[in-house]
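A structural walkthrough
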Amino acid sequence: MTGRFLVTGGAGYVGSHVVRALVARGDAVVVLDDLRQGHRAALPDGVELVVADLADRRRVAEVFAAWKFDAVLHFAALSLVGESMRDPLRYCIENLSNSLGLADAAVKAGCLRFVLSSTAALFGFPKRIPIDEEAEVAPVSAYGESKLMVERGLAWADQVHGLRSASLRYFNAAGADASGEIGEDHDPETHLIPLAIGAALGTRPPLTVFGTDYPTPDGTCIRDYVHVTDLAGAHLRVLARLERGSVRFNVGNGTGYSVTQVMESVERIGGRPVPHTLGPRRPGDPAVLVASSARLREETGWSPRFGALDDIVRTAWAWHVAHPRGFGDRG
Ligand code: UDP
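Read on for a plain summary of the structure. On a predicted model such as this, the values are computed, not experimentally measured, just so you know. (Residues numbered from 1 in each chain as written. Predicted model: local features only at pLDDT ≥ 70, side-chain atom pairs only at ≥ 80, totals over all residues. Heavy atoms only, no water.)

**Quick notes on the pairing of strand β5 (residues 113–119)**
Counting buried residues in β5 gives seven out of seven residues, a clear majority hidden from the surface. Sheet topology note: the strand β4 (residues 71–74)/β5 ladder contains three bridges and is parallel. Note that in β5 the partner of H74 across the bridge is L116. Here β5 runs beside strand β6 (residues 164–170); their pairing, made up of seven bridges, is parallel. For L116, the partnering residue across the bridge sits in β6 and is S167. The parallel pair β5 and β6, bridged by helix α5 (residues 142–161), forms a crossover whose chirality is right-handed. (Buried < 20%, exposed > 50% of the residue type's maximum accessible area, 1.4 Å probe, protein only. Helix = DSSP H or I, 4+ residues; strand = E, 2+ residues; numbered from the N terminus. Pairing = 2+ DSSP bridges. Right-handed = clockwise from strand over helix to strand, strands pointing away.)

So, in structure tokens, the structure goes:
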């Protein structure tokens, strides 16, 4: 299905990789981004950028009046677990009202396809690994809770208005586009792979390993790192799947790697050590988070091309070496 899509947060990390994939297959894309975290330079030529805050409902309605969209892909959100535990109400209010306000505008404009960037954080401390879509949802952070509330709102919008939605519960998005032109550039950066690479390159301080006493083989946390290009591919496949109704999919590689294994991979790819210190656990971190993406694979034919951790780290390394200041658009 090619068409015209509204991508909120399309100048951000995951959003920009999805925009690139849409443009590459010939779709028209309008990006709505307030550029608080996003970067103008992350967008390819030919993409219309509307710089606006999602809370500005009038502006959002104008965007829907100006173009007719086949679907909305919604990435713009507050997304830091730690920050959400310092300011839980802001997370709940902003993520919920912006997301459902956007869905409301879509419904009113007759655009009845919606893809939500959701999160593995809504599973909290999972009872079973790998985590499939039947696992209990029980967030242990306000961030996870805010996304769960959005998913629930979308279910009502389907029942009442026929808004077909796909909630994609991402595990750990990582890596960068193979072109080396776009990649991860957050401020503040809190994610393991960019911090480990920055430590190895000397552009960031030594990494702190958050906890070495977890019940895992080497004592550090295990996560499921999924390449951002594979994640983007999942969005494209899901757009077609929406024709058959609303869905929720877990999106990960299905293989877990520990913090120590990630550091070892960075050392292998970069050919230099990752300076680090061993620290205490980070509150709210489950020991192991690994996805079962069996449903996504079966229902859409998706499969990751970057399954191996070294392949993921290699693309991230290339991006950070070529862009030590990221997109370089911060003061
Ligand atoms: N982590 C770490 N040091 C850091 C950042 C992260 O040890 O400076 C660990 C963190 O505890 C988790 C894993 O790396 O087990 C991935 O964390 P990240 O913040 O990248 O993603 P999350 O799993 O929180 O979504």
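The rest of the description comes next.
**Let's talk about the packing of aromatic side chains**
One pass over the structure, following the stated rule, counts four aromatic pairs. Seen in terms of ring centroids, F64 and F69 are 5.7 Å apart; in terms of plane orientation they differ by 90°. Their pairing is edge-to-face. A centroid spacing of 5.0 Å and a plane angle of 50° characterise the contact between W319 and F327, whose relative ring orientation is tilted. Per residue, the accessibility class of W319 equals that of F327, and both read buried. An aromatic cluster is present here, built from F64, W67 and F69 joined pairwise through their rings. Directly above the aromatic system of Y214 lies the positively charged group of R281, at a separation of 4.0 Å from the ring centroid. (Phe/Tyr/Trp six-rings, centres within 6.5 Å; stacked < 30°, edge-to-face > 60°. Lys NZ or Arg CZ within 6 Å of the ring centre and 35° of its normal.)

**Considerations on the sheet that holds strand β1 (residues 4–8)**
Pairing between the strands of a sheet comes from backbone hydrogen bonds, and it takes one of two forms, parallel or antiparallel. Read across the sheet, seven strands follow the order β3-β2-β1-β4-β5-β6-β11 without closing on themselves; strand pairing throughout is parallel. What marks the edges here is a single partner per strand, and that holds for β3 (48–51) and β11 (247–251). Between one strand and the next, the sheet's axes are offset by a mean angle of 20°, whatever the strand orientation. Bridge count for β1 against strand β2 (residues 28–33) is five bridges, and the pairing is parallel. Bridge assignment links T8 to a residue of β2, and that residue is L32. (Axes fitted to C-alpha atoms, helices over the stretch in contact; angles between N-to-C directions.)

**Focus on the site of the ligand**
Near the ligand there are 15 residues, and of these L192, T208, F210, R282 and D285 occur at the shortest range. Between the ligand and the protein, one listed contact pairs an oxygen atom with a backbone N or O atom of L192 at 2.8 Å. At a separation of 2.9 Å, an oxygen atom of the ligand approaches a polar backbone atom of F210. About the coverage of the ligand: the protein hides 88% of its 510 Å² of free accessible area. Looking at the shell around the ligand, the elements with two or more residues in it are α6 (192–201) and β8 (207–210). With four residues, the single largest contributor to the shell around the ligand is β8. Residues belonging to the shell around the ligand are distributed by class as follows: eight nonpolar, four polar and three charged. (Near = heavy atom within 4 Å. Polar contact = N/O pair within 3.5 Å; in protein donor to acceptor, adjacent residues only side chain to side chain. Areas by Shrake-Rupley, 256 points an atom, 1.4 Å probe, with all protein chains shown as cover. Nonpolar A, V, L, I, M, F, W, Y, C, P; charged D, E, K, R; others polar.)

**Structural notes on the packing of α6 against helix α8 (residues 259–270)**
Running from N to C, α6 and α8 point in directions that differ by 45°, and their axes come no closer than 10 Å. When the axis of α6 is compared with that of α8, the two are oblique. The way α6 lies across α8 gives a crossing that is right-handed. Mapping the contact onto sequence places L192, I193, A196, I197 and A200 in α6 and V259, V262 and V266 in α8. Each residue belonging to the contact of α6 with α8 can be placed in one class, and the counts come to eight nonpolar, no polar and no charged. (Parallel < 35°, antiparallel > 145°, perpendicular 65-115°, else oblique. Left-handed = near helix turned anticlockwise from the far one by under 90°. Contact = heavy atoms within 4.5 Å.)

**A few points about the pattern of salt bridges**
Tallying each qualifying case throughout the model produces 21 salt bridges. One salt bridge in this structure joins R295 and E134, with 2.4 Å as the shortest N-O distance. Linking R295 in helix α9 (residues 294–300) with E134 in the loop between β5 and α5, this pair joins segments that are 161 residues apart in sequence. In this structure R295 comes out as partly exposed when scored by relative accessible area, which is 27%. One connected set of salt bridges, linked through shared partners, spans D34, R36, R90 and E94. (Salt bridge = Lys/Arg side-chain N within 4 Å of Asp/Glu carboxyl O.)

Remember, this is a structural readout, not a statement about activity or role.
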